[in-house]
Amino acid sequence: MKVVNTSNAPKAIGPYSQAIEANGLIITSGQLPIDPATGQFAPGGIKEQTRQSLLNAQAILKEAGIDLSHVMKTTVFLADMEDFAAMNEVYAEFFSEPYPARSAISVKRLPKDALVEVECIAVK
């Protein structure tokens, strides 16, 4: 296994890696909407937070030598399922056909009270 780490995404805030690569798979940890330049959430609401979470995932995959077109599966965690349509609108800006498989889950609370968190499984 190989650790994938980049300064272009937020540092891990616990005992985990930004991503792990093994046997051609890259699995990212959940990406909060933290701007790595400021250490703060992207200002705005669900759309801005979704965009930042996906930009963070994109930066990690770039460090692994691939892009979002290699993503097979995403999991989107939402603090409020009422935000699904707005999240989906931004999500569609990042992915094209064939779209990755996806799960979208409403959770009671996300770290740091984020509105969204996104994780990816990609293949080289």
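We now turn to the structure provided with this report. (Residues numbered from 1 in each chain as written. Predicted model: local features only at pLDDT ≥ 70, side-chain atom pairs only at ≥ 80, totals over all residues. Heavy atoms only, no water.)

### Description of the overall build of the protein chain
- Helices and strands together make up the secondary structure of the protein chain, namely two helices and eight strands.
- Reading the protein chain from its N end, one meets helices and strands in the order β-β-β-β-β-α-β-α-β-β.
- Against the globule reference of 14 Å for 124 residues, the protein chain gives a C-alpha radius of gyration of 13 Å, in line with a compact fold.
- Within the protein chain, the fraction of its 124 residues that count as buried is 41%.
- Once local pairs closer than 6 in sequence are excluded, the contacts in the protein chain between residues at least 24 apart make up 70%.
- Split by element, the accessible area of the protein chain, about 6,800 Å² in all, is 52% carbon and sulfur.
- On the protein chain, the mean spot of the 11 positive side-chain charges and the mean spot of the 14 negative ones are 6 Å from each other. (Helix = DSSP H or I, 4+ residues; strand = E, 2+ residues; numbered from the N terminus. Rg over C-alpha atoms; globule rule 2.2 N^0.38 Å. Buried < 20%, exposed > 50% of the residue type's maximum accessible area, 1.4 Å probe, protein only. Contact = heavy atoms within 4.5 Å. Areas by Shrake-Rupley, 256 points an atom, 1.4 Å probe, with all protein chains shown as cover. Lys, Arg positive; Asp, Glu negative; His and termini not counted. Charge placed at Lys NZ, Arg CZ, Asp CG, Glu CD.)

### Topic: the pairing of strand β7 (residues 101-106)
- In this structure, strand β6 (residues 71-78) lies alongside β7, joined through six bridges in parallel fashion. Bridged to Lys73 within β7 is Ala101.
- Remark: the β6/helix α2 (residues 84-94)/β7 crossover connection has right-handed handedness. (Pairing = 2+ DSSP bridges. Right-handed = clockwise from strand over helix to strand, strands pointing away.)

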